[in-house]
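Chain by chain, the residues run as shown.
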Amino acid sequence: MNSSVQEDRVLWESVKKGNELAFSSLFKKFINPLYNYGMHFFSDSDLVKDCIQELFTSIWLKKESLSDVVQVKFYLFKSFRNLFFAKISSSKHAIKKDFWDEDFGEMEDSKESEWIQEEESVEISKLVQHAIQGLTRRQREAVILRFYNNLDYKQISEVMGISVEAAHNLNSKAIQLLRIVLHK
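Residues numbered from 1 in each chain as written. Predicted model: local features only at pLDDT ≥ 70, side-chain atom pairs only at ≥ 80, totals over all residues. Heavy atoms only, no water.

Further remarks concern the packing of helix α7 (residues 153–160) against helix α8 (residues 164–182). α8 packs onto α7 with a crossing angle of 100° between their chain directions and a minimal axis gap of 8 Å. Relative to α8, the element α7 is oriented roughly perpendicular. Residue-level inspection shows Tyr153, Lys154, Ile156, Ser157 and Met160 of α7 in contact with α8, the latter providing Val164, Ala167, His168, Leu170 and Asn171. A breakdown of the residues in the contact of α7 with α8 according to their chemical character gives 6 nonpolar, 3 polar and 1 charged. (Axes fitted to C-alpha atoms, helices over the stretch in contact; angles between N-to-C directions. Helix = DSSP H or I, 4+ residues; strand = E, 2+ residues; numbered from the N terminus. Parallel < 35°, antiparallel > 145°, perpendicular 65-115°, else oblique. Contact = heavy atoms within 4.5 Å. Nonpolar A, V, L, I, M, F, W, Y, C, P; charged D, E, K, R; others polar.)

Once that is clear, we can look at the pattern of salt bridges. For the structure shown, the criterion picks out 8 salt bridges. Across the pair Lys87 and Glu54 runs a salt bridge whose closest N-O atoms are separated by 2.8 Å. Highlighted residues: Lys87 in helix α4 (residues 72–91) and Glu54 in helix α3 (residues 45–61), separated in sequence by 33 residues. We classify Glu54 as partly exposed; its relative accessible area is 35%. It is possible to trace a salt-bridge network through shared partners that takes in Glu13, Lys16 and Asp68. (Salt bridge = Lys/Arg side-chain N within 4 Å of Asp/Glu carboxyl O. Buried < 20%, exposed > 50% of the residue type's maximum accessible area, 1.4 Å probe, protein only.)

Counting 39 residues, the largest nonpolar core has Leu26, Phe56, Ile59, Leu76 and Phe80 as the members making the most contacts within it. The set of elements that each furnish at least two residues to this core consists of α1 (3–16), α2 (20–39), α3, α4, α6 (137–148), α7 and α8. If you tally residues by element for this core, the top one is α4, at 8 residues. Leave out the neighbours within four places in its chain, and Phe56 touches Phe23, Leu26, Phe27, Phe30, Leu34 and Leu76. Ala131, Ile132, Leu135 and Val143 belong to the second largest nonpolar core, which has 6 residues in total. (Core = buried A, V, L, I, M, F, W, Y, C linked by side-chain atoms within 4.5 Å.)

What follows is the structure, encoded as structure tokens:
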């Protein structure tokens, strides 16, 4: 088990004992990954933030009765996804149409070689994002969980409510399609 997973477990156990600093640390560590995950599907920033806040509020309020969790990151992503999709279903929010339509912002002025490298990196990122637009929503979700959030296939299957084989197949098909599109 890597050190990050162990740190997360220590934080989780401390939260269960009512340690506010551990709760704050856990929140700060996962707020951005959860926010980014939610924003890849829905353009309503307020809804994403509300779901994150509701998730962590619930964790704090139920801290004494929380179960033991081995993979805190996995637990938070699955809980967030369940809460998020329940809210979306009840409020009839629309799925974000431009799944990967991100603004990269202005690049900082720096030495010419650094600028060129950054420009190439941005160009590659745009190509990949454009290619990812051709994937199905579930393929995109599986790719985000696997490659942006480092969840394994078992965790992806549990987060998405599918079999491990289906999670593997979604990623495999997505990678095959990306290779085809990116080699053109």
